[in-house]
Amino acid sequence: MGQFYILGFIAVGGAFGACSRYLISEFCITLFGRGFPYGTLSVNVIGSFLMGLLIAAFENGTLATEPWRQIVGLGFLGALTTFSTFSMDNVLLLQQGAFFKMGLNILLNIILSISAAWVGFQLLIKS
């Protein structure tokens, strides 16, 4: 499969993922208001669940890896949320018995992501 087709698959999936994220977030705001990030929580939980289903479908042969990895895994879920990939990475580490790596991955993702958001915020807020 050529790079052009792969990028096209990712783009199509990404468009649907981004639109889905927006619609889910707006729906959550309508239902629950803006007092808590229910939209983000919802897309992260949904995306993680779908990533688990996708990986299982690949492993048990229910779904062919190509082009669905690009369309759904990289495109749709990548645009819907990146938390699904983070979650699945940790599930796979858990299945491998790599508890230290899993714990380190969780800590580094949380600490570095929040730190990067704080640093970016501070850089722009002080300008």
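These figures come from a predicted structure and were not determined experimentally. Within every chain, residues take consecutive numbers counted from 1 along the sequence as written. Local features are withheld for residues below a pLDDT of 70 in this predicted model, meaning they are given only at 70 or higher, and side-chain atom pairs are given and counted only at 80 or more; totals for whole chains, interfaces and linings count all residues. Computation of side-chain values covers all heavy atoms of the structure but excludes hydrogens and water.

> Before we go on, may I ask you to explain the nonpolar core in this structure?
If you look at soluble globular proteins, the nonpolar side chains tend to sit buried side by side. Throughout this description, the term nonpolar core refers to a set of buried Ala, Val, Leu, Ile, Met, Phe, Trp, Tyr and Cys residues connected via side-chain atoms within 4.5 Å. Each residue is assigned to one of three classes by its accessible area relative to the maximum for its type, calculated with a 1.4 Å probe on protein chains only: buried under 20%, partly exposed between the two thresholds, exposed over 50%. Within the largest apolar cluster, seven residues are counted, these being Val 43, Met 51, Leu 54, Phe 58, Leu 77, Leu 80 and Met 88. Under the DSSP-based scheme used, a helix requires at least four consecutive residues in state H or I and a strand at least two consecutive residues in state E, with every element numbered from the N terminus. Put simply, the parts of the chain that give this core at least two residues each are helix H2 (38-59) and helix H3 (65-80). When residues in this core are grouped by element, the largest group, four residues, is from H2. Residue contacts are counted whenever heavy atoms from the two residues lie within 4.5 Å of one another. Non-local contacts of Met 88, meaning those with residues more than four positions away in its chain, are made with Met 51, Gly 52 and Ile 55.

> Teacher, can you tell me more about a nonpolar patch on the surface here?
A cluster of nonpolar residues, Phe 100, Leu 104, Leu 107, Leu 108, Ile 110, Ile 111, Leu 112 and Ile 114, forms a patch on the protein surface that exposes about 820 Å² of accessible area. Along the chain, the position of Ile 114 falls in helix H5 (residues 99-125). Ile 114 sits in the exposed class, given a relative accessible area of 57%. Within this analysis, patches are made of residues with over 30% relative accessible area and no salt bridge. Like charges are joined at 9 Å or less; nonpolar side chains (Val, Leu, Ile, Met, Phe, Trp, Tyr) at 5 Å or less. Residue-level accessible areas treat just the shown protein chains as cover; the underlying method is Shrake-Rupley with a 1.4 Å probe. One speaks of a salt bridge when a side-chain nitrogen belonging to Lys or Arg is within 4 Å of a carboxyl oxygen belonging to Asp or Glu.

> Where do I start with the UniProt feature "binding site: Na(+)" (unreviewed entry) in the protein in this structure?
UniProt positions are given in the numbering used here, feature names are shortened, and annotations may be inferred rather than shown by experiment. When the UniProt feature table is mapped onto this chain numbering, "binding site: Na(+)" (unreviewed entry) sits at Gly 78 and Thr 81. Mapped onto the fold, Gly 78 is located in helix H3. Note on placement: Thr 81 falls in the loop between H3 and helix H4 (83-95). Discounting residues that sit within four places of it in the chain, Thr 81 has contacts with Arg 21, Val 43, Asn 44 and Gly 47. Among the polar contacts listed, one links the side chain of Thr 81 to the side chain of Asn 44, at a separation of 2.4 Å. Under this definition, polar contacts are N or O atom pairs within 3.5 Å; protein pairs additionally need one hydrogen-donor-capable and one acceptor-capable atom, and for neighbouring residues in sequence, both atoms have to be side-chain atoms.

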